[in-house]
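Observations on the three-dimensional arrangement
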There are 4 protein chains.
Amino acid sequence: MELGLVGLGKMGGNMRERIRRAGHTVVGYDRNPDLADVHSLEELVGKLSAPRVVWVMVPAGEPTQSTIDRLAELLEPGDVVVDGGNSRWTDDERHAEQLAAKGIGFVDCGVSGGVWGLENGYALMYGGDPENVAKVQPIFDALKPEGPYGSVHAGRVGAGHFAKMVHNGIEYAMMQAYAEGWELLEAADAVTDVREVFRSWQEGTVIRSWLLDLAVKALDEDEHLEQLRGYAQDSGEGRWTVEAAIDHAVPLPAITASLFARFSSRQEDSPQMKMIAALRNQFGGHAVEKKK
Amino acid sequence: MELGLVGLGKMGGNMRERIRRAGHTVVGYDRNPDLADVHSLEELVGKLSAPRVVWVMVPAGEPTQSTIDRLAELLEPGDVVVDGGNSRWTDDERHAEQLAAKGIGFVDCGVSGGVWGLENGYALMYGGDPENVAKVQPIFDALKPEGPYGSVHAGRVGAGHFAKMVHNGIEYAMMQAYAEGWELLEAADAVTDVREVFRSWQEGTVIRSWLLDLAVKALDEDEHLEQLRGYAQDSGEGRWTVEAAIDHAVPLPAITASLFARFSSRQEDSPQMKMIAALRNQFGGHAVEKKK
Amino acid sequence: MELGLVGLGKMGGNMRERIRRAGHTVVGYDRNPDLADVHSLEELVGKLSAPRVVWVMVPAGEPTQSTIDRLAELLEPGDVVVDGGNSRWTDDERHAEQLAAKGIGFVDCGVSGGVWGLENGYALMYGGDPENVAKVQPIFDALKPEGPYGSVHAGRVGAGHFAKMVHNGIEYAMMQAYAEGWELLEAADAVTDVREVFRSWQEGTVIRSWLLDLAVKALDEDEHLEQLRGYAQDSGEGRWTVEAAIDHAVPLPAITASLFARFSSRQEDSPQMKMIAALRNQFGGHAVEKKK
Amino acid sequence: MELGLVGLGKMGGNMRERIRRAGHTVVGYDRNPDLADVHSLEELVGKLSAPRVVWVMVPAGEPTQSTIDRLAELLEPGDVVVDGGNSRWTDDERHAEQLAAKGIGFVDCGVSGGVWGLENGYALMYGGDPENVAKVQPIFDALKPEGPYGSVHAGRVGAGHFAKMVHNGIEYAMMQAYAEGWELLEAADAVTDVREVFRSWQEGTVIRSWLLDLAVKALDEDEHLEQLRGYAQDSGEGRWTVEAAIDHAVPLPAITASLFARFSSRQEDSPQMKMIAALRNQFGGHAVEKKK
């Protein structure tokens with residue numbers, strides 16, 4: 001089938017390649033003309049036969065919104081827009097309504113896979129009406145991993161991004177789990193070769209996983225991670241997961257701890273710990289460290 | 001080779017079977033005569049040729065201590081005792097010294113694998129002097145999974161149990177990660193079929209793992225886990241992990257949150273939340289729920 | 001001066017009394033005619049001389065919104081509306097704009113004091129333009145405690161509710177601190193009379209506070225809090241505090257833990273702990289507790 | 001009465017002064033002869049009439065142990081030793097037994113008050129047999145604050161240090177509560193003068209406390225705490241509190257979060273966050289920050 005694909009960056013470019021390998025036609029647009037197949041969204045829409053499917057793979061927020069705004073003008077009733085970016089699930093219903101007013105369908109799709117997706121396939125979680133999903137299905141089948149799993153129609157519009165958001169929340173806490181264990185092994189002197197312990201865990205243990213395999217790869221490149229700063233970004237989904245949990249009064253202690261650890265990692269100096277130091281000094285005369 | 005194996009319960013029994021399948025001779029002792037090959041530790045020791053290897057697979061604490069005490073009397077210089085139970089790593093050095101005084105070697109070994117070990121192999125983390133480890137190596141090779149990973153000589157005496165302890169700490173936080181994500185998906189109504197989302201995650205995602213596979217199995221048996229109470233034991237290693245972290249001033253927020261969640265799950269009613277309710281009532285006149 | 005006061009419940013009724021004791025005239029309206037001085041907002045506005053000050057003390061959300069909507073119709077340029085309820089600070093700017101369109105001023109005010117406010121005074125945190133604040137100042141002075149502290153012009157519109165929100169977040173963690181300590185003292189058997197320990201802490205310690213005094217009062221009424229269920233509501237401000245922190249990438253581990261503890265306290269059975277139990281059963285054959 | 005006081009540092013020196021002001025005789029010994037009244041423990045014991053009371057106010061661990069060892073040699077049946085230092089409660093029973101073997105009594109006493117104790121009095125929590133406590137009572141009465149509270153006989157030997165340990169655990173979480181709130185107020189721009197908000201909270205609020213008063217003092221000295229590094233020591237009691245909670249399966253999420261925040265504050269760079277960064281780079285190609 002034919003697909004219009006908007007956004008050909010790290011993710012989108014590899015997705016175009018995987019879809020083409022599956023025998024489909026992809027017309028790709030990107031603001032960067034070196035990456036693009038066409039020069040504008042108009043040209044992209046013009047090259048596709050109705051009913052069209054256009055997959056939007058651009059950053060969440062303004063870039064996604066302005067793309068959907070333009071597609072709402074260009075597409076026709078019966079066409080379908082897929083938002084495969086990292087939009088917050090609360091945006092999806094709004095986008096669906098905006099497009100439905102023009103008779104255009106909408107499907108939201110959370111995509112996992114990172115730099116490994118081209119070879120291994122992308123895990124896909126999508127939400128929307130069955131008739132809209134059906135129009136995109138061949139593309140989902142091309143993108144997903146080859147095994148029996150890896151894609152799911154998670155529910156109505158928004159369900160795809162919601163499921164992907166929770167996936168990322170879980171990912172935060174799993175990464176934190178390995179990271180805490182690794183730091184403790186490195187800090188204690190009982191274990192002489194922490195990397196070999198991690199390596200051994202890849203089979204037979206309860207904690208074997210793909211993330212563990214990646215941890216071993218990372219340690220093979222830099223045994224004690226001495227090249228790195230302990231500085232971790234967060235991408236939005238972790239924050240939204242905690243906010244969704246608060247909305248539903250669901251306690252998420254491990255996921256939230258993982259998010260806060262990232263916040264702390266980005267602070268040069270911790271304001272709250274200054275207050276702790278100041279209070280200790282006030283009541284106990286405990287020495288404080290002055291800034292240099 | 002020949003192995004003496006003390007403790008033939010759920011773990012020990014399956015381990016005997018796996019070692020025998022690898023062609024070794026196992027003389028097993030258990031307090032339960034229905035499980036045992038011999039009637040006493042004396043008889044077990046008498047049936048083995050020197051240098052003997054005796055693997056102790058009984059509960060940590062008194063059962064392990066009394067077994068080691070008795071083996072210290074029965075074994076000869078050059079023999080080796082392996083503690084494969086869930087002993088705290090801080091016990092290992094003491095046991096090693098106790099046995100060394102008789103010329104007997106000691107190796108500690110953390111074993112992971114649960115009910116799946118018989119078929120898949122057991123992940124092994126062991127600590128001790130190389131010459132003692134060498135005497136046990138054929139047994140380690142029989143027990144471990146078939147692939148290149150799954151066993152490690154983690155360091156000196158105690159390193160095996162330390163590595164296994166941290167493994168379990170990581171396991172706590174990974175389980176908590178999936179559990180938190182599952183609860184949030186069930187609480188929100190965005191996703192209509194939570195089990196299918198979990199199932200789909202088994203391929204292509206960042207969070208694919210053996211524990212995730214088990215979660216899907218559990219949901220296939222009871223889609224909303226309605227048969228279960230939200231009640232989780234903890235086995236010691238989680239507590240020891242947090243204590244080791246405190247000793248080394250290593251922050252473990254996610255692992256500790258996971259341990260505390262288990263503590264809370266076992267409380268019929270939370271004393272600390274009674275105090276919260278009492279304080280709210282005192283300052284705000286907020287209604288409290290009286291016990292019935 | 002004259003004040004219109006809308007909402008004469010537990011808080012509003014006592015505030016009317018305290019303002020009257022200070023010599024001001026209060027015209028109070030409540031949906032409950034037994035509490036009210038007038039029968040409608042129209043009548044309330046009619047009884048006040050311009051420039052009027054009307055203090056809204058009704059629940060956040062729809063009740064506050066509909067009151068402000070009606071006051072926007074009834075009041076005149078130069079009048080001022082004070083929102084003293086528990087509105088989210090993000091509502092304040094919207095309310096200010098809505099009223100400004102009619103030339104009416106707006107001040108938001110967070111109020112602390114609960115059932116003790118009538119006697120001790122209410123702590124007040126308010127936000128808004130200085131000229132609007134100035135019109136309300138005599139009322140603030142009547143409500144606040146007698147000492148030098150207890151009220152603050154915290155900044156522009158929204159600052160009052162923001163400061164009050166953070167106050168409540170701090171309150172959550174302080175209550176949790178005492179509650180955790182109390183539970184530990186009760187659980188351990190080292191201390192024979194936990195209540196007397198709490199009582200003694202009221203002087204000379206680092207942790208003496210008004211909340212501690214209240215804890216002692218609560219324990220005097222019910223030494224082991226046996227009459228209460230460990231069940232704690234949360235009122236919105238705790239959640240908003242965490243959400244504001246997420247917006248600013250500020251880690252709030254203790255406040256968030258306190259909020260989550262309240263969420264957990266309200267669950268009959270913990271879904272996430274069912275998943276933990278299910279996973280333990282899957283990999284280890286660990287017994288689970290079935291629901292009865 | 002007469003008291004022997006061992007250890008005349010920041011705490012002990014002020015305590016000597018307060019006891020003398022109450023009319024008692026204090027014979028003080030310190031390794032530093034500039035501080036001491038006598039030159040040795042022998043001389044100290046020799047100057048006291050039986051039954052003697054000797055208060056040990058030296059650092060926990062070896063210094064306390066060696067002092068008690070020496071006093072066990074020098075004192076006579078009927079004398080009493082008080083350990084007023086920061087010993088772990090688990091040391092107390094051992095010390096009591098050691099001294100009881102010589103007929104010497106033992107009382108443990110947790111002391112709070114810091115640099116303010118000389119003027120305000122010291123909060124005291126003590127444990128031991130009533131007849132031993134009775135011999136020390138005049139000293140307790142001299143040290144404690146003047147009001148009705150501030151000292152408690154908490155139970156048998158060990159109860160004093162246990163109660164003080166929990167006091168400090170609560171203190172950690174209370175300090176963290178204010179610190180988190182302060183950081184959030186500083187990070188958001190809603191509140192223009194954070195210090196004035198803190199100042200106002202000193203009356204009428206739910207969160208008023210002595211620690212809050214100290215926070216205001218600290219902010220008056222350095223409004224944004226710009227002179228300080230966000231670096232906080234911990235003194236042992238926080239760690240022991242968490243360990244005691246683990247022993248009793250009591251969840252302490254807020255206190256533990258506060259302890260871990262201090263651990264993190266002392267790390268130049270976070271090892272666990274390096275692992276998070278490494279994993280994000282592995283699966284997503286996310287940029288990492290290299291160490292310079």
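Residues numbered from 1 in each chain as written. Chains lettered and ligands numbered in written order. Predicted model: local features only at pLDDT ≥ 70, side-chain atom pairs only at ≥ 80, totals over all residues. Heavy atoms only, no water.

**Quick look at the interface of chain C and chain B**
With 55 residues of chain C at the contact, the number on the chain B side is 55 residues. Between chain C and chain B the total buried area reaches about 5,300 Å² when both faces are included, carbon and sulfur atoms providing 63% of it. If you sort the residues of chain C by the area they bury against chain B, M275(C), Q282(C) and F283(C) come out on top, with a joint share of 14%. Inspection of the chain C/chain B interface yields zero salt bridges. Here chain C and chain B share 16 residue pairs in polar contact (both at pLDDT 80 or more) between them. Of all the secondary-structure elements, those providing two or more residues to the side of chain C that touches chain B are α7 (159-187), α9 (210-221), α11 (253-265) and α12 (271-284) of chain C. The greatest single-element share of the side of chain C that touches chain B, amounting to 13 residues, is contributed by α12(C). In the side of chain C that touches chain B, the residues fall into 26 nonpolar, 14 polar and 15 charged. (Contact = heavy atoms within 4.5 Å. Buried area = accessible area lost by both parts, 1.4 Å probe. Salt bridge = Lys/Arg side-chain N within 4 Å of Asp/Glu carboxyl O. Polar contact = N/O pair within 3.5 Å; in protein donor to acceptor, adjacent residues only side chain to side chain. Helix = DSSP H or I, 4+ residues; strand = E, 2+ residues; numbered from the N terminus. Nonpolar A, V, L, I, M, F, W, Y, C, P; charged D, E, K, R; others polar.)

**Considerations on the pairing of strand β6 (residues 123-127) of chain D**
Residue and element names in this part refer to chain D. Counting buried positions along β6 yields five of five residues, so the element is predominantly enclosed. Side chains A123, M125 and G127 of β6 all project onto a buried face; the interleaved residues L124 and Y126 project onto the opposite face, where all are buried too. Of the pairings in the sheet, the one linking β6 to strand β7 (residues 151-155) comprises four bridges and is parallel in character. The partner of M125 across the bridge, within β7, is V152. In this region the chain leaves β6, passes through helix α6 (residues 130-143) and returns to the parallel neighbour β7; the handedness of that crossover is right-handed. (Buried < 20%, exposed > 50% of the residue type's maximum accessible area, 1.4 Å probe, protein only. Pairing = 2+ DSSP bridges. Right-handed = clockwise from strand over helix to strand, strands pointing away.)

**Let's talk about the nonpolar core**
Core analysis: the biggest nonpolar cluster contains 244 residues, and F198(A), F198(B), F198(C) and F198(D) have the highest contact counts within it. Not counting chain neighbours up to four residues away, the residues in contact with F198(A) comprise Y178(A), W182(A), L185(A), L212(A), A215(A), V216(A), L219(A) and M275(D). (Core = buried A, V, L, I, M, F, W, Y, C linked by side-chain atoms within 4.5 Å.)

**Concerning helix α3 (residues 62-74) of chain B**
Residue and element names in this part refer to chain B. With 13 residues, α3 should reach 18 Å at 1.5 Å per residue; the first-to-last C-alpha distance of 18 Å fits that figure. Taken residue by residue, α3 has T64, T67, I68, L71 and A72 as its buried positions. Down the axis of α3, the sector holding all buried residues measures 140°, keeping them to one side. More than 90 degrees from the buried face of α3, the exposed residues found are E62 and E73. Packed against the buried residues of α3 are β1 (2-6), α2 (41-47), β3 (53-56), β4 (80-83), α4 (89-100) and β5 (105-112). (Expected span 1.5 Å × (residues − 1). Arc of directions from axis to C-beta.)

**Thoughts on the confidence of the model for chain A**
Considering every residue of chain A, the mean pLDDT works out to 96; 100% of them sit at 70 or more. Across the interface, the model reports ipTM at 0.96; the global pTM reads 0.97. (pLDDT = per-residue confidence, 0-100.)

**Re the sheet that holds strand β7 (residues 151-155) of chain A**
Residue and element names in this part refer to chain A. The strand order across the open sheet built from seven strands is β2-β1-β3-β4-β5-β6-β7, with neighbouring strands paired in mixed fashion. Because the sheet does not close on itself, it has two edges, and the strands there are β2 (25-29) and β7. Between one strand axis and the next, the sheet turns by 25° as a mean value, whatever way the strands run. Helix-sheet contacts for helix α3 (residues 62-74) involve β1 (2-6), β3 (53-56), β4 (80-83) and β5 (105-112), and the interaxial angle to β3 is about 165°. (Axes fitted to C-alpha atoms, helices over the stretch in contact; angles between N-to-C directions.)

**So, the relation of the copies chain A and chain B**
It takes a turn of 180° to lay chain A on chain B, together with a shift of 0.0 Å along the axis; the resulting RMSD is 0.0 Å. Here the copies are linked by what is in effect a two-fold axis. In this assembly, 100% of the residues forming the interface of chain A have copies in chain B that are likewise at the interface, indicating an isologous arrangement. (Least-squares fit on C-alpha atoms with pLDDT ≥ 70 in both.)

**Some words on the interface of chain A and chain B**
Taken together, the contacts link 68 residues of chain A with 68 residues of chain B. Both sides of the chain A and chain B interface together cover about 5,700 Å² of buried area, and 71% of this is carbon and sulfur. Among the residues chain A hides against chain B, the three largest losses belong to L184(A), E203(A) and V206(A). Together they make up 12% of the total. Here chain A is connected to chain B by two salt bridges. Across the chain A-chain B interface, the total number found is 18 residue pairs in polar contact (both at pLDDT 80 or more). Those elements giving two or more residues to the side of chain A that touches chain B turn out to be β6 (123-127), β7, α7 (159-187), α8 (194-200), α9 (210-221), α10 (237-247) and α11 (253-265) of chain A. The biggest single contributor to the side of chain A that touches chain B is α7(A), with 18 residues. Taken together, the residues that form the side of chain A that touches chain B break down as 37 nonpolar, 20 polar and eleven charged.

**Description of the pairing of strand β3 (residues 53-56) of chain C**
Remark: a regular strand shows side chains that alternate across the two faces of the sheet. Residue and element names in this part refer to chain C. Taking every second residue as pointing to the same face, both faces of β3 are buried, with V53 and W55 on one and V54 and V56 on the other. When strand β1 (residues 2-6) meets β3, the two strands line up parallel, connected through three bridges. The residue bridging V6 from the neighbouring strand is V56, located in β3. By the bridge criterion, four bridges tie β3 to strand β4 (residues 80-83) in an arrangement that is parallel. Bridge pairing links V56 to D83 in β4. In this view, the connection linking β3 to its parallel neighbour β4 by way of helix α3 (residues 62-74) has right-handed handedness.

**Thoughts on the relation of the copies chain C and chain B**
Note on the identical chains: chain C maps onto chain B by a rotation of 180° and an axial translation of 0.0 Å, with an RMSD of 0.1 Å. A high fraction, 100%, of the interface residues of chain C reappear at the interface in chain B, so the copies pair face to face through one surface.

**Quick notes on the environment of G160(D)**
Residues and elements named next belong to chain D. With respect to the secondary-structure elements, G160 resides in helix α7 (residues 159-187). Taking the relative accessible area as the measure of exposure, G160 reaches 0% and is therefore buried. Residues G160 and A244, 84 residues apart in the sequence, show an inter-C-alpha distance of 15 Å. When neighbours within four sequence positions are excluded, G160 is seen to be in contact with D108, G110, M125, Y126, G127 and A154.

**Brief notes about the sheet that holds strand β6 (residues 123-127) of chain C**
Residue and element names in this part refer to chain C. Judged by pairing direction, the sheet is mixed, and its seven strands sit side by side in the order β2-β1-β3-β4-β5-β6-β7 without closing on themselves. The strands lining the two open edges of the sheet, one partner per strand, are β2 (25-29) and β7 (151-155). The average undirected angle you get between the axes of adjacent strands in this sheet is 25°. Where strand β5 (residues 105-112) lies against β6, five bridges are found, and the strand directions are antiparallel. When the sheet's bridge partners are listed, V111 is paired in β6 with L124. Of the strands in this sheet, β4 and β5 are in contact with helix α4 (residues 89-100), which crosses β5 at around 150°. Strands in contact with α7 are β4, β5, β6 and β7; relative to β5, the strand with the most contacts, it is inclined by about 15°.

**Quick word on the packing of α7(C) against α11(C)**
All names here are of chain C. Two numbers describe how α7 lies on α11: the axes approach to 8 Å, and their chain directions differ by 75°. For the element pair α7 / α11, the angle class is roughly perpendicular. For the pair formed by α7 and α11, the contact residues are G169, I170, Y172, A173, M175 and Q176 on the first element and A254, I255, S258, L259, A261 and R262 on the second. Taken together, the residues of the contact of α7 with α11 break down into eight nonpolar, three polar and one charged. (Parallel < 35°, antiparallel > 145°, perpendicular 65-115°, else oblique.)

**A look at the packing of aromatic side chains**
By convention here, two paired aromatic rings are described through the distance between centres and the angle between planes. One pass over the structure, following the stated rule, counts 24 aromatic pairs over all chains. With a centroid separation of 5.8 Å and 75° between ring planes, the pair formed by W55(A) and F140(A) is classed as edge-to-face. Residue W55(A) is located in strand β3, and its partner F140(A) is located in helix α6 (residues 130-143); the two are separated by 85 residues in the primary sequence. Neither residue differs from the other here; W55(A) and F140(A) are each classed as buried. Relative to W201(A), the ring of F198(A) lies with its centre 5.0 Å away and its plane at 40°, an arrangement referred to as tilted. Like F198(A), the residue W201(A) is buried in the burial classification. Linked through ring pairs, W55(A), Y126(A) and F140(A) together constitute an aromatic cluster. Here R208(C) stacks its cationic end above the ring of W210(D), 4.3 Å away from the centre of that ring. (Phe/Tyr/Trp six-rings, centres within 6.5 Å; stacked < 30°, edge-to-face > 60°. Lys NZ or Arg CZ within 6 Å of the ring centre and 35° of its normal.)

**Brief notes about the packing of helix α11 (residues 253-265) of chain B against helix α11 (residues 253-265) of chain D**
Relative orientation of the contacting elements α11(B) and α11(D) amounts to 165°, with a least axis distance of 11 Å. As far as their axial angle goes, α11(D) and α11(B) are roughly antiparallel. Considering how the two elements wind past one another, α11(B) and α11(D) form a crossing that is right-handed. Contacts from P253(B), T256(B) and F260(B) in α11(B) reach P253(D), T256(D) and F260(D) in α11(D). Classifying every residue of the contact of α11(B) with α11(D) by side-chain character gives four nonpolar, two polar and no charged. (Left-handed = near helix turned anticlockwise from the far one by under 90°.)

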